[in-house]
Amino acid sequence: MKKLIGSKGRHWGHGMMIFLMVMLGGGILMLWSWNTFAVDLFQAPEIRFRHVLALQVGIASILSLPYIVAHLLWCGRKHLANQGPVNT
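To start, this report covers the structure provided alongside it.

1. Quick notes on the overall build of the protein chain
In step 1: Counting secondary structure elements, the protein chain contains two helices and zero strands.
In step 2: The 88 residues of the protein chain split such that 9% are buried.
In step 3: Working note: accessible area of the protein chain is about 8,200 Å², and carbon and sulfur atoms make up 72% of it.

2. Observations concerning a nonpolar patch on the surface
In step 1: Nonpolar side chains collect at one region of the surface, where Trp12, Met16, Met17, Phe19 and Leu20 lie side by side and expose about 540 Å² of accessible area between them.
In step 2: Assignment of secondary structure puts Met16 in helix H1 (residues 7-42).

3. Focus: the side chain of Gln56
In step 1: Mapped onto the fold, Gln56 is located in helix H2 (residues 49-81).
In step 2: The contact partners of Gln56, leaving out residues within four places of it in the chain, are Val22, Met23, Gly26, Gly27 and Met30.

4. Quick notes on the packing of aromatic side chains
In step 1: Tallied over the entire structure, the rule returns one aromatic pair.
In step 2: Between Phe37 and Phe42 the ring centres are 5.7 Å apart and the planes differ by 85 degrees, which places this aromatic pair in the edge-to-face class.
In step 3: Phe42 sits in the exposed class, given a relative accessible area of 56%.

5. Looking at the environment of Pro45
In step 1: Mapped onto the elements of the fold, Pro45 is located in the loop between H1 and H2.
In step 2: For Pro45 and Asn35, which are ten residues apart along the polypeptide, the C-alpha to C-alpha distance reads 8.2 Å.
In step 3: Excluding residues that lie within four positions of it along the chain, Pro45 makes contacts with Trp34 and Val39.

Reading the values: rules and limits
Residues numbered from 1 in each chain as written. Predicted model: local features only at pLDDT ≥ 70, side-chain atom pairs only at ≥ 80, totals over all residues. Heavy atoms only, no water. Helix = DSSP H or I, 4+ residues; strand = E, 2+ residues; numbered from the N terminus. Buried < 20%, exposed > 50% of the residue type's maximum accessible area, 1.4 Å probe, protein only. Areas by Shrake-Rupley, 256 points an atom, 1.4 Å probe, with all protein chains shown as cover. Patch = residues over 30% accessible without salt bridge, like charges linked within 9 Å, V, L, I, M, F, W, Y side chains within 5 Å. Salt bridge = Lys/Arg side-chain N within 4 Å of Asp/Glu carboxyl O. Contact = heavy atoms within 4.5 Å. Phe/Tyr/Trp six-rings, centres within 6.5 Å; stacked < 30°, edge-to-face > 60°.

All we've got here are geometric facts, nothing functional implied.
In structure tokens form, the structure reads like this:
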């Protein structure tokens, strides 16, 4: 019997499910903590779930920048190494 999904596709799906669960669970916890702590203690305005998701995406984007830059630099070096010697 053939595999319907390759191992790379399956791992990508697992990673995506974990990412979605972390975003949903973290968003609920952030929303609850802000609305109970900051609103009650400091009379700050309440936030909605979309604000929490925007904050999470912003934080994830900032934290992933070093990895993206390192990946781009590494791929560039790998590409240059595969070109072979330069004739002068």
